[in-house]
Amino acid sequence: MAIIEKDRITIRSPDDMHLHLRWDERLYHAIQHTFSHWGRGIIMPNTDENRPILTSKDVKEYRNEIFNFLHQFLATHAFEPLMTIKLVKTTTFEVVHAAAEAGVKAIKSYPLGVTTNSENGVSMNDLVTEFGGVFKAMEERGMVLSLHGEHPEYFCLDREDYFIPVLRQMQANHPGLKIVLEHITTKNAVQLVQQDTTGNLAATITLHHLFLTLDDVIGGSLMPHNFCKPLAKRPEDRDALISAVISGNPKFFFGSDSAPHFQHTKESACGCAGVFSAPVALPLLTSFFDEQDALEKLEPFVSQFGAQFYGLPLNRGTVTIERGSWTVPLLYSDSGSLRQLVPFWAGREISWNVVVRHCQLYE
Ligand code: DOR
Ligand code: ZN
């Protein structure tokens with residue numbers, strides 16, 4: 001479907017298979033930048049420490065709030081939020097069935113304490129030994145288990161590697177369960193997904209992990225806006241992610257993990273993890289594929305593989321991205337507010353820009 005010209009590319013409306021919107025005015029900014037480029041998004045449930053999305057009731061409230069914001073932009077038909085709930089001790093198979101009725105597509109597991117708003121996450125032991133009924137119900141309803149793949153009890157750079165045995169055990173216990181290993185950052189995780197033969201394992205890859213190594217976070221000055229979980233790793237890990245994306249293997253698809261945090265909470269003695277990439281994700285990805293001389297691989301990565309793994313219809317609208325340089329704003333804020341957001345790539349140039357979006361949803 002993609003139309004690729006020298007300075008312009010039109011692709012099927014894309015899906016961001018992993019993003020964070022939050023509740024407060026961050027939702028306003030995040031949704032605005034998301035609907036203007038993306039047709040659908042898998043919306044993560046760790047909205048707030050005190051107000052996470054755990055049940056179908058929470059899902060309905062949160063979806064309404066998202067639609068309230070979309071409505072303000074006259075964009076109610078432009079974007080479909082695909083909802084998730086968070087796996088916690090109180091998640092039961094009844095919760096799963098009610099969530100499925102409410103349209104929930106995935107349940108997200110956050111290892112206890114490993115990342116933003118994961119205080120009531122699950123221990124690795126519980127993940128493997130508890131929740132049998134939950135995972136069975138998810139399998140029955142075709143729901144995806146979305147895994148933050150870091151083992152919280154290990155050294156920060158090794159957490160993804162130590163999660164691999166946990167994942168293997170999960171697969172052995174629940175062979176029919178569809179699993180997405182989210183925002184992978186290591187060569188080993190890439191290999192694990194490549195070598196898997198079950199057909200039930202896939203991985204998301206973010207924009208920022210295609211660009212950053214740990215040097216861009218702490219190698220020189222401390223760069224809080226590149227700080228996220230899992231941490232960006234070594235150059236060879238980034239190279240493995242790039243190769244996976246360029247290979248066109250359908251097990252790897254795009255999930256931005258765009259995560260808005262206010263500037264003062266990132267530039268802080270105890271800074272939050274998360275990269276706000278929604279404003280730049282599609283243009284910068286296009287530039288990435290262009291530089292790799294692989295523009296034809298953009299559409300499958302953003303508009304096809306994720307939907308196929310989730311069993312969703314493909315979108316019907318299109319988005320056109322043109323060559324043309326622009327500078328990413330340093331900040332997004334409501335006038336006068338100190339609660340500002342610093343986007344990924346702030347102040348830097350991007351050589352492609354989204355010019356038109358035809359917002360016809362699938363159906
Ligand atoms: O850096 C991150 N930020 N990683 C995550 O897993 C969560 C996210 C957030 O919610 O801010
Ligand atoms: Zn995330």
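The structure reproduced in this document is the subject of the present report. Remember, predicted model here, so these are calculated numbers, not experimental data.

Another point: the packing of helix H3 (residues 93-101) against helix H5 (residues 132-140). The relative placement of two packed helices comes down to the angle between their axes together with the axis-to-axis distance. Interaxial distance between H3 and H5 falls to 8 Å at its minimum, and their mutual angle equals 25°. On the basis of the axis angle, H3 is roughly parallel to H5. For the element pair H3 and H5, the recorded crossing hand is right-handed. Touching Phe93, Val96 and His97 of H3 are Gly133, Val134, Ala137, Met138 and Glu140, all from H5. When its residues are assigned to classes, the contact of H3 with H5 shows 5 nonpolar, 2 polar and 1 charged.

A separate point is helix H10 (residues 235-247). Taking 1.5 Å per residue as the helical rise, H10 with its 13 residues ought to reach 18 Å, and the 18 Å between its terminal C-alpha atoms agrees with that figure. Considered for burial, the residues of H10 that qualify are Asp237, Ala240, Leu241, Ile242, Ala244, Val245 and Ile246. Its buried side turned inward, H10 meets helix H7 (187-195), strand E9 (201-205), helix H8 (208-211), strand E10 (252-254), helix H12 (281-291) and helix H13 (298-310). Where H10 terminates, the next one or two residues include Gly248, which has phi positive at roughly 75°.

So, on to the side chain of His37. With respect to the element layout, His37 can be found in the loop between helix H1 (25-35) and strand E4 (40-43). What makes His37 buried here is its relative accessible area of 11%. Setting aside residues no more than four positions away along its own chain, His37 makes contact with Pro14, Ala278, Pro279, Leu282, Pro283, Val319, Val354 and Arg357.

By secondary structure assignment, the location of Asn353 is in strand E12 (residues 349-358). Given a relative accessible area of 27%, Asn353 falls into the partly exposed group. Sequence-wise, Asn353 and Leu87 are 266 residues apart; in three dimensions their C-alpha atoms are separated by 37 Å. Contact partners of Asn353, with chain neighbours within four places excluded, come to Pro283, Thr320, Ile321, Glu322, Gly324 and Trp326.

In this model helix H6 (residues 159-173) runs 22 Å from its N-terminal to its C-terminal C-alpha over 15 residues, within 8% of the 21 Å that 1.5 Å per residue would give. Of all the bends in H6, the greatest, near 25°, is centred on Pro165. Of the residues making up H6, those classed as buried are Arg159, Glu160, Phe163, Ile164, Val166, Leu167, Met170 and Gln171. Its buried side turned inward, H6 meets helix H4 (124-129), H5, strand E7 (144-148), strand E8 (178-182), H7 and E9.

All told, the structure shown has 14 salt bridges when counted by the stated rule. For Lys6, the salt bridge is made with Asp7, and the minimal N-O distance between the two is 3.7 Å. You can call Asp7 partly exposed: its relative accessible area is 34%. Across the salt bridge formed by Asp24 and Arg26, the nearest N and O atoms sit 2.9 Å from each other. For Asp24, a relative accessible area of 23% translates into the label partly exposed.

Rules used in this analysis
Residues numbered from 1 in each chain as written. Chains lettered and ligands numbered in written order. Predicted model: local features only at pLDDT ≥ 70, side-chain atom pairs only at ≥ 80, totals over all residues. Heavy atoms only, no water. Axes fitted to C-alpha atoms, helices over the stretch in contact; angles between N-to-C directions. Helix = DSSP H or I, 4+ residues; strand = E, 2+ residues; numbered from the N terminus. Parallel < 35°, antiparallel > 145°, perpendicular 65-115°, else oblique. Left-handed = near helix turned anticlockwise from the far one by under 90°. Contact = heavy atoms within 4.5 Å. Nonpolar A, V, L, I, M, F, W, Y, C, P; charged D, E, K, R; others polar. Expected span 1.5 Å × (residues − 1). Buried < 20%, exposed > 50% of the residue type's maximum accessible area, 1.4 Å probe, protein only. Bend = angle between axes of the 7 residues up to and from the residue. Salt bridge = Lys/Arg side-chain N within 4 Å of Asp/Glu carboxyl O.

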